[in-house]
Amino acid sequence: MHSNRGLSRRNCLETMSCSWGTELWDQFDNLEKHTQWGIEFLERYTKFVKERSEIELSYAKQIRNLSKKYQLKKNSKEEEEFKYSTCRAFLMTLNELNDYAGQHEVIAENLSTQIIAELSRYTQELKAERKSHFHDGRRAQQYIENSWKQLESSKRRFERDCKEADRAQHYFDKMDADINVTKADVEKRCSLKAKQQAHMRHQIAEDSKNEYLTYLQKFNKDQHEHYYTLIPHIFQRIQEMEERRVGRVRESMRVYTEVERKVLPIVSKCLDGMTKAAESIEPKMDSKQVVESYKSGFEPPGDVEFEDYSVSMKRAVSESSFLNARGESRRRSRSKLWPLLKRNKLMSLLASPRQPPPPPPTSPSPDGLLNGPQSPQQHKEPLSQRLNDFMGTKHKMHCLRSLKRGGTGQEDYSHLPPEQRRKKLQAKLNDINKDIQKEMDQRDALTKMKDVYIKNPHLGDPDSIDPRLEEITQSLEKMQLEAHKFEGWLTEVERKLLEKGSESQRRQSGHFDSQGNTPLTNNYGQNRESPDGSYTEDPSTETTMQFKSRSTEFDDEFDDEEPLPTIGTCKALYPFEGQNEGTISMAESEMLYVIEEDKGDGWTRVRRNEDEEGYVPTSYIKLFLDMNAKDP
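Caption draft 1: Structural context of the overall build of the chain. Per the secondary structure count, the chain includes 17 helices and five strands. By residue count, 34% of the 632 residues in the chain fall in the buried class. Taking the intrachain contacts of the chain between residues at least 6 apart in sequence as the baseline, contacts between residues at least 24 apart amount to 76%. If you sum the accessible surface of the chain, you get close to 40000 Å²; carbon and sulfur atoms cover 53% of it.

This is the structure in structure tokens:
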């Protein structure tokens, strides 16, 4: 038997097909330990895959949060940055990164469904199967042990009975051979009863022998069946169970790699998308975009003229002419340095000619009103003179008005440079056209619905759609008027840009009449940006024009400029005689239009008609502010 097992072991190593029933017939405990280790290994591998899945989910979540953190936010300043190719490439990279995170979520999901769930279920089945197999093995082991105990018990009983029979026979023979024993003792000891006892012991010993032989044959048969039938069969099933476990681990490891291999094409596409985004960056285009974003359309400043102050020193002048010359010089120098003036200085100069307004009358009677209110007293220089010192041309008065209004952006974007204004107007016009198209589509849809209701009254009331159609029609008319208005502004800006372009070419071709001569024209004050960010379009001719009287020039400029919009109305509580320059008279209970609120100095600017406007004391009127108020 041992030689057969040795031959089988050598064949097992050669053919790689071994049977645990024949090779490990005596390793029941070790097989139990090994299979337990196999289940623990399976559970450990399942735990490894589970932790890997959790890492993939956490990584995907972090990648998504990172992508979301740097995504473009709506209505933010960053939206303007994405006109550059670098920002667009970065946005594409973030989108690809978001898809990349999605593939890691796919990996985690597939690991969870295809490996973790399957191995967890299989582990429970494996534990139950192993428990059943080893239960059968222990039962067979217990049966052979019981058979061995019976054999040992019969053997010991047979041995004991044989010894007792030998002892009884020996004692009888000894007594029978003793010569010193009397006849009475012989009769007493060698009676029939003693013989029967000895015979009975021999018979018991013979029965014990037969029983021992029976148990011995039975044990040998059970032992042969145990080691050559039961144990090999049980161990074979355990072997098959273990091989299935190993095969399942192999399959799980293969699936583990395939799960990640399946997403590699999509991950590769994501990486290709990131590479494509990087390759889409165009430095030249970004440089051009900077020009498009910040180009003002202004012309560079011209040469500064020489101002000869020695002329005034060589002649005798009166005090008035000296003051006029000083005002003219200051007017010229400040007009050239307009872009360098500070806002606070302008505002202080504008506010300086005005005194605090007179207090309202204590009594509304005519006698009290005649001597009560006093108009602002005239300073050393009138308001028009102060303004003309800094506003020698119409375009600068426009800048000053923009500054006095707070420097806020106008509806026509006139506060922007020409090129930027054109772009803003074009963008606004495109938005309006889109809104018009939406409204037209909605109107067409409602018209079709109304036709359906007319043909099929049971579906709805056609008259119920009329209010909505009327509302859309009014909205369309309003938006079309708005579009027409912006188209006019856009056409005007484009025309002026073309004129400036041709003028600039002529200026560059004929700027100097000869080498070393002074320039023929002076463009320093032309197309300058004002302190509040607004710009001017009308060319300045301050270096060649002759100044008129300051008061007349002040009136002319206010007449030529577009009048300020009305912001409400007011009612005169008391009469006021505007005798000084800059004020306007009013009668009691007279209604006037308000064009500028009180700036804290006690004066409110009002208008009676297109030709009459000025300041009145705020305490003399009652304001009715209404943003929808219109001029007469």
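Caption draft 2: The arrangement of the side chain of His133 in detail. Its location among the elements puts His133 in helix α5 (residues 85–176). By relative accessible area, His133 is classed as buried at 6%.

Caption draft 3: Structural detail: the nonpolar core. Judged by nonpolar contacts, the single largest core of 34 residues is most densely connected at Val49, Leu111, Ile115, Phe235 and Ile238. Sorting the residues of this core by element identifies α3 (28–69), α5 and α7 (192–279) as the ones contributing at least two each. Here this core gets 13 residues from one element, more than from any other, and that element is α7. Among residues more than four places away in sequence, those in contact with Ile238 are Trp20, Thr35, His133 and Phe134. Residues Tyr413, Leu416, Ala483 and Phe486 belong to the second largest nonpolar core, which totals 19 residues.

Caption draft 4: Summary view of the confidence of the model for the chain. Confidence in the prediction for the chain averages 75 pLDDT; 67% of positions are at 70 or higher. At the low end of the mean pLDDT range in the chain sits helix α12 (residues 366–371), at 39; at the high end sits α3, at 94. Per-residue pLDDT stays below 50 along residues 315–354; that stretch engages in 68 contacts with residues further than four places along the chain or on separate chains. The low-confidence segment residues 363–408, where pLDDT is below 50, has 128 contacts with residues more than four positions distant or belonging to other chains.

Caption draft 5: Up close: the environment of Thr123. By secondary structure assignment, the location of Thr123 is in helix α5. Judged by relative accessible area, which is 4%, Thr123 ranks as buried. Linking Thr123 and Ile39, residues 84 residues apart in sequence, is a C-alpha distance of 6.9 Å. Discounting chain neighbours no more than four positions away, the residues touching Thr123 are Ile39, Leu42 and Glu43.

Caption draft 6: Representation of the pattern of salt bridges in the model. Counted under the stated rule, the structure contains 27 salt bridges. With a closest N to O distance of 3.3 Å, Glu471 and Arg468 form a salt bridge. One end of the pair, Glu471, and the other, Arg468, are both in helix α16 (residues 466–509), three residues apart, so they sit about a helical turn from each other. The partner of Arg608 in a salt bridge is Glu590, and the shortest N-O contact between them spans 2.6 Å. Placement of the pair is Arg608 in the loop between β3 (603–607) and β4 (613–617) and Glu590 in the loop between β1 (568–572) and β2 (591–596), with a sequence separation of 18 residues.

Cut-offs applied
- Residues numbered from 1 in each chain as written.
- Predicted model: local features only at pLDDT ≥ 70, side-chain atom pairs only at ≥ 80, totals over all residues.
- Heavy atoms only, no water.
- Helix = DSSP H or I, 4+ residues; strand = E, 2+ residues; numbered from the N terminus.
- Buried < 20%, exposed > 50% of the residue type's maximum accessible area, 1.4 Å probe, protein only.
- Contact = heavy atoms within 4.5 Å.
- Areas by Shrake-Rupley, 256 points an atom, 1.4 Å probe, with all protein chains shown as cover.
- Core = buried A, V, L, I, M, F, W, Y, C linked by side-chain atoms within 4.5 Å.
- pLDDT = per-residue confidence, 0-100.
- Salt bridge = Lys/Arg side-chain N within 4 Å of Asp/Glu carboxyl O.

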